[in-house]
Amino acid sequence: MELTRETVTALIGAVLAVLLQIIVAPAIALFAAVPNFIVAFCLVRSVATPGHGGPVIPFVCGLIFDLVGGGPVGAMAFVLVLVTFLASRLYLALDNDTLFMPVAILLASTVLAEVLYGIAVVASGGGVSLGEAFLYRTLPCMLYDCVIGLLLYPIAIRVMVGKPLGQPGTPVLR
């Protein structure tokens, strides 16, 4: 494994996301909505570095989330690997150098990740109906994760990749 800027920042970001999920997330929960820093980090990373993401960090972070949380073990790991793969491939296919595409893919991926995890929890016998899981857990957490992802994306672009944000046609001054 080669130690590049992307690898080092991904490892540091993963450790920070796990620590924030364990320490900060329960303290800033609103009713039943707990932010998921791990989902936000993995999706932001998959869009910020789409060709270099890989499944290892999403799998390990998802497994840690499953072991620390109360959900079915392996569900978040599977969801994160699947959704980060889809998000990175979609970004590679639709990249047009605007800020709209990564934000739209990030928001859609967050929705998909939370919905798939909600379905996994209900299917594994979580004791709630699909409507209750969607209304009281998936929807509020999805909104929370979207806000966190939108806040993390400009930071991730600057730190992980080092390319400035800009609109098409604007010259980049170096």
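Parameters at a glance
- Residues numbered from 1 in each chain as written.
- Predicted model: local features only at pLDDT ≥ 70, side-chain atom pairs only at ≥ 80, totals over all residues.
- Heavy atoms only, no water.
- Helix = DSSP H or I, 4+ residues; strand = E, 2+ residues; numbered from the N terminus.
- Rg over C-alpha atoms; globule rule 2.2 N^0.38 Å.
- Buried < 20%, exposed > 50% of the residue type's maximum accessible area, 1.4 Å probe, protein only.
- Contact = heavy atoms within 4.5 Å.
- Phe/Tyr/Trp six-rings, centres within 6.5 Å; stacked < 30°, edge-to-face > 60°.
- Axes fitted to C-alpha atoms, helices over the stretch in contact; angles between N-to-C directions.
- Parallel < 35°, antiparallel > 145°, perpendicular 65-115°, else oblique.
- Left-handed = near helix turned anticlockwise from the far one by under 90°.
- Nonpolar A, V, L, I, M, F, W, Y, C, P; charged D, E, K, R; others polar.
- Expected span 1.5 Å × (residues − 1).
- Polar contact = N/O pair within 3.5 Å; in protein donor to acceptor, adjacent residues only side chain to side chain.
- Core = buried A, V, L, I, M, F, W, Y, C linked by side-chain atoms within 4.5 Å.

Participant: Break down the overall build of the protein for me, with residues and values.
Facilitator: Helices and strands together make up the secondary structure of the protein, namely six helices and zero strands. Shown N-terminal to C-terminal, the secondary structure of the protein runs as helices and strands in the order α-α-α-α-α-α. The C-alpha radius of gyration computed for the protein amounts to 16 Å, which stays within 12% of the reference 16 Å derived for 174 residues, consistent with globular compactness. Along the first, second and third principal axes, the C-alpha atoms of the protein reach 55 × 30 × 30 Å. The proportion of buried residues among the 174 residues of the protein is 38%. Residue pairs at least 24 apart in sequence account for 66% of intrachain contacts in the protein once pairs closer than 6 positions are excluded.

Participant: Could you give an account of the packing of aromatic side chains, with specific residues and numbers?
Facilitator: Here the structure, examined in full by the defined rule, presents one aromatic pair. Between the aromatic rings of phenylalanine 65 and tyrosine 117, the centroid separation amounts to 5.8 Å while the plane-to-plane angle is 75 degrees, which identifies the pairing as edge-to-face. A residue pair is termed long-range when its members are at least 10 positions apart, and phenylalanine 65 in helix H3 (residues 56–68) and tyrosine 117 in helix H5 (residues 100–123) qualify at 52 residues. Across the pair, tyrosine 117 and phenylalanine 65 agree in class, each one buried.

Participant: Lay out the packing of helix H4 (residues 75–94) against H5 in plain terms, naming residues and giving numbers.
Facilitator: Remark: H4 packs on H5, axes separated minimally by 9 Å, with the N-to-C direction vectors making an angle of 155 degrees. When the axes of H4 and H5 are compared, the pair comes out roughly antiparallel. For the crossing formed where H4 meets H5, the hand is right-handed. Note on element contacts: H5 touches H4 through Met101, Pro102, Ile105, Ser109, Leu112, Ala113, Leu116, Tyr117 and Ala120, opposite Ala75, Met76, Val79, Leu82, Val83, Leu86, Ala87, Leu90, Tyr91 and Leu94. The class makeup of the residues in the contact of H4 with H5 is 18 nonpolar, one polar and no charged.

Participant: Could you give an account of H4, naming the residues involved and the relevant values?
Facilitator: Compared with an ideal rise of 1.5 Å per residue, which puts 20 residues at 28 Å, H4 spans 28 Å between its outermost C-alpha atoms and is within 8% of the ideal. Listed in full, the buried residues belonging to H4 are Ala75, Met76, Ala77, Val79, Leu80, Val83, Thr84, Ala87, Ser88 and Tyr91. In this structure, the buried residues of H4 make contact with helix H2 (37–48), H3 and H5.

Participant: Before we move on, can you summarise the packing of helix H1 (residues 5–24) against helix H6 (residues 130–161) with the specific residues and values?
Facilitator: It is the contact of H1 with H6, at a shortest axis distance of 8 Å, that shows an interaxial angle of 135 degrees. The orientation of H1 relative to H6 falls into the category oblique. Residue-level contacts link Arg5, Glu6, Thr9 and Ala10 of H1 to Arg158, Val159 and Met160 of H6. Broken down by class, the residue content of the contact of H1 with H6 amounts to three nonpolar, one polar and three charged.

Participant: Let's hear about the environment of threonine 49: which residues, and what values?
Facilitator: With respect to the helices, strands and loops of the structure, threonine 49 is situated in the loop between H2 and H3. With 107 residues separating them along the chain, threonine 49 and alanine 156 place their C-alpha atoms 9.0 Å apart. One polar contact links the side chain of threonine 49 to the main-chain carbonyl oxygen of arginine 45, over a distance of 2.9 Å.

Participant: Account for the environment of alanine 17, with residues named and values stated.
Facilitator: As for its position among the elements, alanine 17 is in helix H1. In this structure, the C-alpha to C-alpha distance between alanine 17 and asparagine 36, residues 19 residues apart in sequence, is 8.7 Å.

Participant: Residues and numbers for the nonpolar core, please.
Facilitator: If you look at the biggest cluster of nonpolar residues, it comprises 31 residues, and the most contacted ones within it are Ile38, Phe41, Cys61 and Tyr153. For this core, the elements supplying multiple residues, two or more each, are H1, H2, H3, H4, H5 and H6. For this core, the element with the most residues is H2, which contributes eight residues. Every residue in contact with isoleucine 38, bar those within four places of it in the chain, is listed here: Ala17, Val18, Gln21, Cys61, Gly62, Phe65 and Leu80. Ala25, Ala40, Cys141 and Tyr144 belong to the second-largest nonpolar core, a separate cluster that totals seven residues.

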